[in-house]
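# Observations on chain architecture
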Amino acid sequence: MSAETRLQVLFPAVSVRIVAQQERSRVGQTLGLQCLSGSSNPKANVSWILGARRIPGEEQPPRSAAFGGVSVSSSLALPLVPSYNKQRLICQAYSAVLSEGASTFHTLDVMYPPEFSPAQPRLVQVTEEDTAVLPLLVSANPEELTCTWLHHQDTLITDRDILYQWYEDYSLQIRNVTRRHAGKYTVQCTNEEGRRHTTITLDVLYSPGVRPKSAEVRVVLGAMADLICVADANPAAAFSWAWLGEGEMEFEEETMEEEFGVLTIQEVTRAHAGRYQCIADNGIAPPASAEVELVVCFGPEIKKGVQWSKVASRGDGSVEAEVLCRAEGIPPVSFSWDKNNVPMDFENPRYAERTVRDGSFSTSTVVVLNVSALLDYALFTCHASNALGEDSLQIQLVSTNHPDPPSSVGLVGVSYSSVTLEWIPGFNGGLAQSYRIRYRAPHSNSFTYVDVFPLSTAVYTVTNLAPSTTYNFSIAALNAIGESGYEDAASLVATTDDWFVEDRSGSGEDTGPSGLPMYLTSTLSAVAVVLLASNAVGFVLGWRWRQRRLHTGRSTTSDQSSVLDEKKSEAAGSGGTAGDGSGRYESREKINAAAQRTLITDSGSETQSNVYESYGAESQNYYPLRDYRPRLQPYAEETHRPGETAHYRTDHVHYPVHYPGEPPGHEYETVREFGWRPDVPETPALFPPPDPLGCPQQGSRGLRRPADDGLTSRDYELPFELRGELV
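Only a predicted model underlies this, so the values are computations on that prediction, with no experimental measurement involved.

## Some words on the sheet that holds strand 10 (residues 100-107)
The strand order 5-4-9-10 describes an open sheet built from four strands, whose pairing is antiparallel. The open sheet has two edge strands, strand 5 (53-55) and strand 10, and neither has a second partner. Within this sheet the neighbouring strands show an average axis-to-axis angle of 30°, counted without direction.

Set out below in structure tokens:
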């Protein structure tokens with residue numbers, strides 16, 4: 001008895017193999033491949049996978065194979081493209097029953113010429129003066145290739161232009177880029193399979209450059225004006241306009257195009273004339289600007305007023321006069337003149353005309369030689385004209401006279417103690433004029449007058465006024481001939497502010513009783529205390545210094561007396577002049593009476609004479625300090641026997657003086673009080689009588705005494721502070 005069992009074993013494909021018709025192929029060809037699956041049970045499903053996608057193949061019928069399984073094959077025809085190069089083509093034999101399988105792959109080798117990546121940039125932007133890099137994303141098989149860059153059809157060579165440089169991947173670098181580098185760049189790459197090229201655009205960004213389409217725009221008064229400026233910028237610039245004149249101006253219409261900025265002004269007035277600035281800005285520094293001048297054309301306008309309608313001159317035939325006419329107009333103004341309504345003939349040598357131009361102003365001057373009152377005191381008419389109109393002015397030539405009063409007196413400012421006035425000058429009468437202001441308060445019975453300085457000013461501040469007071473001001477003009485008088489047209493009523501006006505700035509600072517801020521009051525008080533203290537200290541130090549000097553003088557006088565006496569004797573024998581070269585007061589030097597007292601009482605006076613020399617021309621009744629002696633009544637205070645020596649005492653220094661045959665003298669004590677003694681009786685004059693011509697008598701140096709060679713002379717060369725305090 002026997003039994004038989006048949007086992008069926010399930011297993012996946014034991015092997016998978018890919019067979020290619022050719023190892024290397026080129027782009028555009030179709031590559032045939034066959035995938036052979038080994039024995040499997042049950043039959044495996046064969047599929048193709050390339051990258052991330054499945055590619056269907058053509059499966060062949062299964063065949064019996066080893067181990068009781070079957071073998072399956074599949075064929076594939078694959079069109080080749082450059083992107084398939086070096087990719088893996090996978091063949092997989094998969095059993096759905098067993099959920100497993102086997103696979104293998106084939107690496108594709110596709111030959112193709114240079115191919116540029118879809119990610120290759122077509123536009124590169126860079127700011128001027130930076131470095132630009134033009135990347136090159138290229139592939140090829142075989143990989144050995146050469147690339148050439150061209151700009152404007154010119155081949156770039158690094159040896160010729162050091163600004164260009166290539167990287168290993170053939171990318172192009174440009175250093176210090178300028179706007180001339182902008183444009184299209186073409187790169188050509190070649191290998192064994194062929195040549196390909198691509199184009200890259202370099203966009204260079206740069207700050208604006210701007211210029212006016214016309215630097216000067218001329219329009220007629222009342223017309224419309226278009227101011228245009230042109231900009232060169234990348235990216236395109238935005239335009240704005242600015243007025244370069246004084247004040248502010250609102251612009252009516254501003255328009256912009258890609259390269260143009262336009263400012264439109266409707267109904268132009270003379271106030272619109274001037275310079276305008278066009279500003280272009282594209283976000284790349286710095287912005288650029290250009291100026292456009294708007295010239296408004298208008299007819300002549302002559303300067304008029306009292307200062308222009310009169311000219312004054314003497315009419316005696318000895319002087320010349322200038323009659324001026326000043327006009328403004330564009331185009332330039334031309335002039336013609338009439339005298340008493342008769343056209344003037346400038347061929348006459350007594351008359352000459354000259355014209356001076358300054359911008360839009362023109363000035364015509366008629367010079368009248370040897371002015372005659374009979375012939376030239378007349379009415380001159382100035383005619384100014386241009387293509388847009390004409391104007392005229394009558395000017396009267398008159399004799400010099402007092403000035404006309406000023407007019408249009410106005411109030412400029414006011415405070416609690418001052419008022420600032422301004423006015424328009426009147427005709428000056430042909431001479432330089434000045435101004436005088438008079439004013440008074442309602443309760444005052446008289447006017448106060450103040451002369452304006454500087455003389456030519458037409459604005460003045462009157463100060464030292466009372467707060468909260470109404471004043472009536474009037475102004476008169478003066479010249480060498482006379483004054484204009486105070487006219488109603490040159491008057492003004494103004495009221496000063498209150499002293500305690502609230503702080504208009506709103507700072508809210510506290511103020512003291514004086515109306516000043518508290519911090520300022522405190523500061524001034526502290527400064528005053530410091531000054532008083534310093535004065536007190538200075539007084540004490542000066543007094544102590546004086547005492548030391550006096551003490552020093554007493555201790556040194558006795559030692560110097562013999563030497564000083566000898567010098568005194570020598571000086572007396574030399575003709576009575578001080579020749580010691582010390583720069584002190586000369587014996588002939590004059591000191592006026594007013595200066596005598598100052599010099600005597602001020603012990604700190606300078607020892608040099610130049611301080612007091614200026615007094616010499618003021619009075620004849622003065623004498624040198626060295627010879628000065630006060631008039632003192634000789635009171636007999638001590639009695640001496642005949643032949644004894646009396647002592648003349650000055651500031652504690654004894655000077656023995658004896659007059660033979662005179663009654664005994666006395667000793668003067670130190671005088672402690674300054675000033676003259678009107679109660680002392682007059683004594684005979686101690687001064688030599690003055691010369692009739694005002695000069696001291698020759699040989700007279702001091703007190704008149706009997707001639708005695710044995711007398712001891714007083715030393716007048718002592719310092720001033722040691723000569724005593726005389727009354």
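## Examining the state of the cysteines
Counted by the stated rule, this structure contains four disulfides. Across the disulfide from C35 sits C91; the S-S distance is 1.5 Å. With the S-S bond torsion at -90°, the cross-link from C35 to C91 turns out left-handed. Placement of the pair is C35 in strand 3 (residues 30-40) and C91 in strand 9 (residues 88-95), with a sequence separation of 56 residues. Looking at C35, the relative accessible area reads 0%, which means it is buried. Under the relative-accessibility criterion, C91 is labelled buried at 0%. For C325, the disulfide goes to C382, at an S-S distance of 2.1 Å. Taking the sign of the S-S torsion, -80° for the link of C325 and C382, the bridge is left-handed. Of this pair, C325 sits in strand 29 (residues 321-330) while C382 sits in strand 34 (residues 379-386), placing them 57 residues apart in sequence. For the residue pair C325 and C382, the accessibility class agrees, reading buried in each case. Sequence-ordered numbering of the disulfide-bonded cysteines in the protein gives the connectivity 1-2, 3-4, 5-6, 7-8.

## Brief notes about the nonpolar core
If you look at the biggest cluster of nonpolar residues, it comprises 23 residues, and the most contacted ones within it are V210, L227, W241, V268, Y276 and L294. Of all elements in the fold, only strand 21 (216-220), strand 22 (225-234), strand 23 (238-243), strand 25 (260-265), strand 26 (274-281) and strand 27 (288-302) reach the threshold of two or more residues within this core.

## Here we look at the pattern of salt bridges
Using the criterion set out here, one finds 19 salt bridges in the structure. We note a salt bridge from E128 to R179, for which the minimum N-O separation is 3.1 Å. Linking E128 in the loop between strand 12 (123-127) and strand 13 (132-134) with R179 in the loop between strand 18 (172-174) and strand 19 (183-191), this pair joins segments that are 51 residues apart in sequence. In this structure, R350 engages D376 in a salt bridge whose closest nitrogen and oxygen atoms are separated by 2.4 Å. Here the residue R350 occupies a position in the loop between strand 31 (342-343) and strand 32 (351-358), and D376 occupies one in helix 2 (residues 373-376), the gap between them amounting to 26 residues. A relative accessible area of 22% means that R350 is categorised as partly exposed. Three or more residues are tied together by salt bridges with common partners; here these are E128, R179 and D232.

## As for the environment of F473
With respect to the secondary-structure elements, F473 resides in strand 41 (residues 470-478). Sequence separation between F473 and V419 is 54 residues, and the spatial gap between their C-alpha atoms is 9.7 Å.

## Quick look at the pairing of strand 3
The element strand 3 is extensively covered by neighbouring structure, given that eight of its eleven residues are classed as buried. Here strand 1 (residues 16-20) pairs with strand 3 via five bridges, running antiparallel. Across the sheet, the residue bridging to R17 is L36, located in strand 3. Where strand 3 and strand 8 (residues 70-79) come together, nine bridges link them in antiparallel fashion.

## Digging into a negative patch on the surface
A contiguous patch of negative charge, built from D226, E252, E253 and E267, is present on the exposed surface. Along the polypeptide, D226 turns up in strand 22. Residue class for D226 comes out partly exposed when judged on its relative accessible area of 35%.

## Thoughts on the sheet that holds strand 40 (residues 459-462)
Taking strand neighbours across the sheet as the criterion, the three strands line up as 36-37-40 in an open arrangement whose pairing is antiparallel. Strand pairing shows two members of the sheet lacking a second neighbour, strand 36 (407-414) and strand 40, which therefore form its edges. Pairwise comparison of adjacent strand axes, ignoring direction, gives a mean angle of 25° for this sheet. Note: strand 36 against strand 37 (residues 419-424), five bridges, orientation antiparallel. In the sheet register, G413 faces strand 37, and the bridge partner there is T420.

## Looking at the confidence of the model for the protein
Predicted confidence across the protein gives a mean pLDDT of 77, with 72% of residues reaching 70 or more. Every residue in residues 501-515 scores below 50 in pLDDT, and together they form 16 contacts with partners more than four places removed in sequence or on other chains. Note that residues 555-727 has pLDDT below 50 and, in this model, 229 contacts with residues that lie over four places away or in other chains.

## A short note on unusual backbone geometry
Here the bond from N41 into P42 is cis, since omega is -5°, no more than 30 degrees from zero. Relative to the helices and strands, P42 is located in the loop between strand 3 and strand 4 (45-50). In this model, N141 is joined to P142 through a cis peptide bond whose omega is 5°. By the element assignment, P142 lies in the loop between strand 14 (138-141) and strand 15 (146-151). For N340, which is not glycine, the phi dihedral falls at a positive 55°. With respect to the secondary-structure elements, N340 resides in the loop between strand 30 (334-339) and strand 31. Given a relative accessible area of 45%, N340 falls into the partly exposed group.

## Brief notes about the pairing of strand 37
Where a strand is regular, its side chains alternate between the two sheet faces. Linking strand 36 to strand 37, which pair antiparallel, is a turn of four residues. As paired elements, strand 37 and strand 40 share four bridges and run antiparallel to each other. Note on strand 40: the bridge partner recorded for T420 is T461.

## Some words on the side chain of S362
Structurally, the position occupied by S362 is in strand 33 (residues 361-368). A distance of 2.9 Å separates a polar atom in the side chain of S362 from a polar atom in the side chain of R357. Among all residues touching S362, those that are not within four sequence positions of it are C325, R326, A327, V333, F335, V356 and R357.

## Section: the side chain of S207
Of note, S207 is situated in strand 20 (residues 194-212). When residues no more than four places from it in sequence are discounted, the contact partners of S207 are R179, D232, N282, I284, A285 and P286.

## Some points on the packing of aromatic side chains
All chains considered together, the criterion is met by nine aromatic pairs. Between F251 and Y276 the ring centres are 6.1 Å apart and the planes differ by 50°, which places this aromatic pair in the tilted class. In this pair, F251 sits in the loop between strand 23 and strand 24 (253-256) while Y276 sits in strand 26, placing the two residues 25 residues apart along the sequence. A residue is classified by how much of its surface remains accessible, and Y276, at 0% relative accessible area, is buried.

## A short note on the environment of F116
By the secondary structure assignment, F116 is in strand 11 (residues 110-116). When its relative accessible area of 13% is taken as the criterion, F116 is described as buried. Remark: the alpha-carbon pair of F116 and R196, spanning 80 residues in sequence, is separated by 8.2 Å. Other than its neighbours up to four places away in sequence, F116 contacts L136, L137, V138, V187, C189, R196, H197 and T198.

Thresholds, definitions, all that
Residues numbered from 1 in each chain as written. Predicted model: local features only at pLDDT ≥ 70, side-chain atom pairs only at ≥ 80, totals over all residues. Heavy atoms only, no water. Pairing = 2+ DSSP bridges. Helix = DSSP H or I, 4+ residues; strand = E, 2+ residues; numbered from the N terminus. Axes fitted to C-alpha atoms, helices over the stretch in contact; angles between N-to-C directions. Disulfide = S-S within 2.5 Å. Buried < 20%, exposed > 50% of the residue type's maximum accessible area, 1.4 Å probe, protein only. Core = buried A, V, L, I, M, F, W, Y, C linked by side-chain atoms within 4.5 Å. Salt bridge = Lys/Arg side-chain N within 4 Å of Asp/Glu carboxyl O. Patch = residues over 30% accessible without salt bridge, like charges linked within 9 Å, V, L, I, M, F, W, Y side chains within 5 Å. Areas by Shrake-Rupley, 256 points an atom, 1.4 Å probe, with all protein chains shown as cover. Lys, Arg positive; Asp, Glu negative; His and termini not counted. Charge placed at Lys NZ, Arg CZ, Asp CG, Glu CD. pLDDT = per-residue confidence, 0-100. Contact = heavy atoms within 4.5 Å. Polar contact = N/O pair within 3.5 Å; in protein donor to acceptor, adjacent residues only side chain to side chain. Phe/Tyr/Trp six-rings, centres within 6.5 Å; stacked < 30°, edge-to-face > 60°.

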